[in-house]
Amino acid sequence: MEHEQLRMTGLGPGPDAMMRIVAYFDGLGESAADADTVVRRAAALAQCGVGARLASGAVVRRGPQGDRPGGQPGGTPAGDREVWLERTGPAHPLDPVLLDRLSHTLRMLEVRPPSRSDLHLGDPALVEVLLSDTEQRTDRVRAVELSGLDPGRDVRVLALYADRVGPVLELIERLCPGRLVRSAPIDGLTAVLTQTPVEDRTLCDALHSALADAAPAPPRPAQGRARGPWIGVGERMSVYAAPTSWAQARRALRFASSTVYGRRAVAFGRLGPLDLLADVPPGRLLGARGIAHINALSATATGAQDVDTLEAFCVYGSLRRTAAELHVHHSTVASRLARVEAETDWDLGNSIDRFVATLVLMMRRMALSSAELAAAEGAAAEGAAADGGTVADGGTGEAGGDTA
């Protein structure tokens, strides 16, 4: 491999050489190399002695041929990172880069989890390993092999929240025929991996329609807990980038809602700049002025009806279309919207105010869903602590077979 042959004498002082050194140590960090191997490979790259004092206090030194130098270290620690070069000749311009990446790689080894040598076929932990960005790369490669995923085909991760997971997994299998589906519970959610080539819009529309038909929206979502089912959909990407797709799915899940005009399934790829709202804490969403006005208005039966009409109007865009969908006269819709305008100081005939109203309603749905998701995550953490960190057997592992 190129990295095995990389030597400082063959590198100039430019940015290309710097990036090759960074890639060299990144490869070491992703491998199963231990501290001694990292120092030995650093010495081969530097073509001089290299030393490091580890967090345990142990000192590791290696010569350019992999030998163990005798005598006292010939260099000095680099700041508080305690890595050094034992050069006898002139320094290389990129020596500071080498030392920085060596120090970084050794720090990563200290926090890296131990190798998962106990992984086996049907192991529920396979999905967790695939979705973790802290596992060793060798373990993730083995998890891909044991789970039956095709490493040459993109994977998509879904974040599922539901009281009853089984029926929703069956639904996902039906919408992804002939494609492998794997799932496991993680942090109060269910992570689902599939290698279906279906596009975001097609998959999300099908999931939303099926979930809305199976679990109609409650008349007043603010009364009690919504309980889903909701699905966040990550983008398709390399199976080794599954942790990124999982993070996207969890962000998209915050936009899902069981309200009449909410979406049960939301794709991260369709959010665009709206994704920035996922960084807003649920408590801050609820405290936003517009949301507080809407919540106060919906506290009464009449006000709640007016808010429902406002949501319909923001979706359908006209009085007559809204009236037709709600099966009321358009003058009734106008009357309800007038009461909302009086309470909020919005002019729904103005495009800016109408946009603000639409955004407020979306943020309100996010706040309701986010509070529910946070409660589920907290309950899962408490359950894991009570069980001593073990995962229950129910509902894990394989959710379907690969019939392709």
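All values reported here derive from a predicted model rather than from experimental measurement.

What about the pattern of salt bridges?
Line of reasoning, step 1. Counted by the stated rule, this structure contains 17 salt bridges.
Line of reasoning, step 2. With a shortest N-O distance of 2.8 Å, Arg62 and Asp36 are connected by a salt bridge. One end of the pair, Arg62, is in strand 2 (residues 59-62); the other, Asp36, is in helix 3 (residues 35-46), with 26 residues separating them in the sequence.
Line of reasoning, step 3. Exposure remark for Arg62: the relative accessible area of 11% places this residue in the buried category.
Line of reasoning, step 4. For the salt bridge of Arg339 with Asp306, the shortest nitrogen-to-oxygen distance reads 2.8 Å. Taken as a pair, Arg339 in helix 14 (residues 330-344) and Asp306 in helix 12 (residues 301-316) lie far apart in primary sequence, 33 residues in all.
Line of reasoning, step 5. Bridged by salt links that share partners, the residues Asp26, Asp100 and Arg101 form one connected network.

Looking at the confidence of the model for the protein chain
Line of reasoning, step 1. Mean pLDDT for the protein chain: 81, with 83% of residues reaching 70 or above.
Line of reasoning, step 2. A low-confidence stretch, residues 221-226 (pLDDT under 50), is modelled with 6 contacts involving residues beyond four sequence positions or located in other chains.
Line of reasoning, step 3. Scored below 50 in pLDDT, residues 389-404 shows 31 contacts in the model against residues more than four places distant or in partner chains.

Digging into a nonpolar patch on the surface
Line of reasoning, step 1. On the surface, Ile352, Phe355 and Val356 cluster together into a nonpolar patch covering about 290 Å² of accessible area.
Line of reasoning, step 2. Structurally, Val356 is set in helix 15 (residues 351-386).
Line of reasoning, step 3. For Val356, a relative accessible area of 30% gives the class partly exposed.

Points about the packing of helix 12 against helix 14
Line of reasoning, step 1. Running from N to C, helix 12 and helix 14 cross one another at 105°; their axes reach a closest spacing of 9 Å. Between helix 12 and helix 14, the crossing angle belongs to the class labelled roughly perpendicular. Residue-level inspection shows Thr302, Gln305, Asp306, Thr309, Leu310 and Phe313 of helix 12 in contact with helix 14, the latter providing Val333, Arg336, Leu337, Arg339 and Val340.
Line of reasoning, step 2. Broken down by class, the residue content of the contact of helix 12 with helix 14 amounts to 5 nonpolar, 3 polar and 3 charged.

Rules of the game
- Residues numbered from 1 in each chain as written.
- Predicted model: local features only at pLDDT ≥ 70, side-chain atom pairs only at ≥ 80, totals over all residues.
- Heavy atoms only, no water.
- Salt bridge = Lys/Arg side-chain N within 4 Å of Asp/Glu carboxyl O.
- Helix = DSSP H or I, 4+ residues; strand = E, 2+ residues; numbered from the N terminus.
- Buried < 20%, exposed > 50% of the residue type's maximum accessible area, 1.4 Å probe, protein only.
- pLDDT = per-residue confidence, 0-100.
- Contact = heavy atoms within 4.5 Å.
- Patch = residues over 30% accessible without salt bridge, like charges linked within 9 Å, V, L, I, M, F, W, Y side chains within 5 Å.
- Areas by Shrake-Rupley, 256 points an atom, 1.4 Å probe, with all protein chains shown as cover.
- Axes fitted to C-alpha atoms, helices over the stretch in contact; angles between N-to-C directions.
- Parallel < 35°, antiparallel > 145°, perpendicular 65-115°, else oblique.
- Nonpolar A, V, L, I, M, F, W, Y, C, P; charged D, E, K, R; others polar.

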